[in-house]
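# Coordinate analysis (summary)
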Amino acid sequence: MGTLFLVRHCATEASTDGRYCGHLDLTLTREGHAQAQVLAAFLVERRPTSLFVSPLQRAKQTAAPLADVSGLPVEQLDDMAELDFGAWDGLTEEEMRKDDAERLERWRANPEDVAPPRGETIRDVAQRACRALDHIQHKDPSGVSVAFAHKTFNRVLVSMLEDLPLQNYRRSVPQPVGSINIIDWRAGEQPRIRGVGLTGHIG
């Protein structure tokens, strides 16, 4: 059996001020670095055998303490990047509404098919998430993998595995900073979710 601990990166400035940071390459705050240390202490006890990370700095910085204590190499998977918010990257929802209220409402109602200006749809993220999970399963089919990604990416992947409507991904899948989702699989079987948005390790 293979297991994946799918982690949302730890705290950034955007985590508290409500900004959509997407491909904006933010770094962790002091609190975020402390959370990453706690996360590493918890995850190293799970005896990981492989580590994967998004190309964005906030995910890489969250992964770094576990890489240090485990001695494992970290493989970057570009498919694990956050949703590209395009022209809305770095904006609050209020600023998005001021910029283009009509498009914002269409995007919120149908994120599978409507993208932010010059951004990508949730359907695009779903395709990337499937490729990333398939890569991890083939790379470490019976080990314990840890992947460091992002709120929307994680929500979309969990929604697909739970057969939840993608248009409801925001309401259906909680993803606090530093939270963990646990996905198990056996050869020839559909992966199953064993935990969503877990934060007990942070305290």
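See the structure shown above.
Residues numbered from 1 in each chain as written. Predicted model: local features only at pLDDT ≥ 70, side-chain atom pairs only at ≥ 80, totals over all residues. Heavy atoms only, no water.

## Considering the packing of aromatic side chains
In the structure shown here, the tally under the stated rule is four aromatic pairs. Here the aromatic rings of Tyr-20 and Phe-85 are separated by 5.0 Å at their centres, their planes lie at 80 degrees, and the arrangement is edge-to-face. Highlighted residues: Tyr-20 in the loop between helix H1 (13–17) and helix H2 (30–44) and Phe-85 in the loop between strand E3 (74–76) and helix H4 (93–109), separated in sequence by 65 residues. With a relative accessible area of 18%, Tyr-20 lands in the buried category. An angle of 70 degrees between the planes, with centres 6.2 Å apart, marks the rings of Tyr-20 and Trp-107 as edge-to-face. Linking Tyr-20 in the loop between H1 and H2 with Trp-107 in helix H4, this pair joins segments that are 87 residues apart in sequence. Residue classification places Trp-107 among the buried residues on the basis of a relative accessible area of 0%. Through a chain of ring-to-ring contacts, three or more aromatic side chains come together here, namely Tyr-20, Phe-85, Trp-88 and Trp-107. Above the face of the Phe-42 ring, Arg-46 is positioned so that its terminal group lies 4.1 Å from the ring centre. The ring of Trp-107 is capped by Arg-170, whose NZ or CZ atom sits 4.5 Å from the centre of that ring. (Phe/Tyr/Trp six-rings, centres within 6.5 Å; stacked < 30°, edge-to-face > 60°. Helix = DSSP H or I, 4+ residues; strand = E, 2+ residues; numbered from the N terminus. Buried < 20%, exposed > 50% of the residue type's maximum accessible area, 1.4 Å probe, protein only. Lys NZ or Arg CZ within 6 Å of the ring centre and 35° of its normal.)

## A word on the side chain of Ser-50
Looking at where Ser-50 falls in the secondary structure, it is placed in strand E2 (residues 50–53). A polar side-chain atom of Ser-50 sits 2.6 Å from a polar atom in the side chain of Asp-140. Non-local contacts of Ser-50, meaning those with residues more than four positions away in its chain, are made with Leu-72, Asp-140, Val-144, Ser-145 and Val-146. (Polar contact = N/O pair within 3.5 Å; in protein donor to acceptor, adjacent residues only side chain to side chain. Contact = heavy atoms within 4.5 Å.)

## Regarding the packing of helix H5 (residues 122–139) against helix H6 (residues 151–161)
Following both chains from N to C, one finds H5 and H6 inclined at 75 degrees, their axes separated by 9 Å at the closest point. Taken together, H5 and H6 sit at an angle that is classed as roughly perpendicular. Judged by residue contacts, Ile-122, Val-125, Ala-126, Arg-128, Ala-129, Cys-130, Ala-132 and Leu-133 of H5 engage Thr-152, Phe-153, Val-156, Leu-157, Met-160 and Leu-161 from H6. For the contact of H5 with H6, a count of residues per class yields 12 nonpolar, one polar and one charged. (Axes fitted to C-alpha atoms, helices over the stretch in contact; angles between N-to-C directions. Parallel < 35°, antiparallel > 145°, perpendicular 65-115°, else oblique. Nonpolar A, V, L, I, M, F, W, Y, C, P; charged D, E, K, R; others polar.)

## So, H6
Extensive coverage of H6 is indicated by the burial of nine of its 11 residues. Of all the positions in H6, only Thr-152, Phe-153, Asn-154, Arg-155, Val-156, Leu-157, Val-158, Ser-159 and Leu-161 are classed as buried. Contact partners of the buried residues in H6: strand E1 (2–8), H5, strand E4 (144–149), helix H7 (169–172), strand E5 (180–185) and strand E6 (192–198). A positive phi of about 55 degrees marks Asp-163, the residue just after H6.

## Re the pairing of E5
On a regular strand, each side chain points to the face opposite its neighbour's, so the side chains alternate between the two faces of the sheet. Burial of E5 is extensive: six of the six residues sit out of reach of the surface. Along E5, one buried face is formed by Ile-180, Ile-182 and Asp-184 and the opposite face, lined by Asn-181, Ile-183 and Trp-185, is buried too. Looking at chain direction, E1 and E5 are connected through six bridges and run antiparallel. From the neighbouring strand, Val-7 faces E5, where its bridge partner is Ile-180. Between the end of E5 and the start of E6, which pair antiparallel, lie six residues, with Gly-188 showing a positive phi angle near 80 degrees. (Pairing = 2+ DSSP bridges.)

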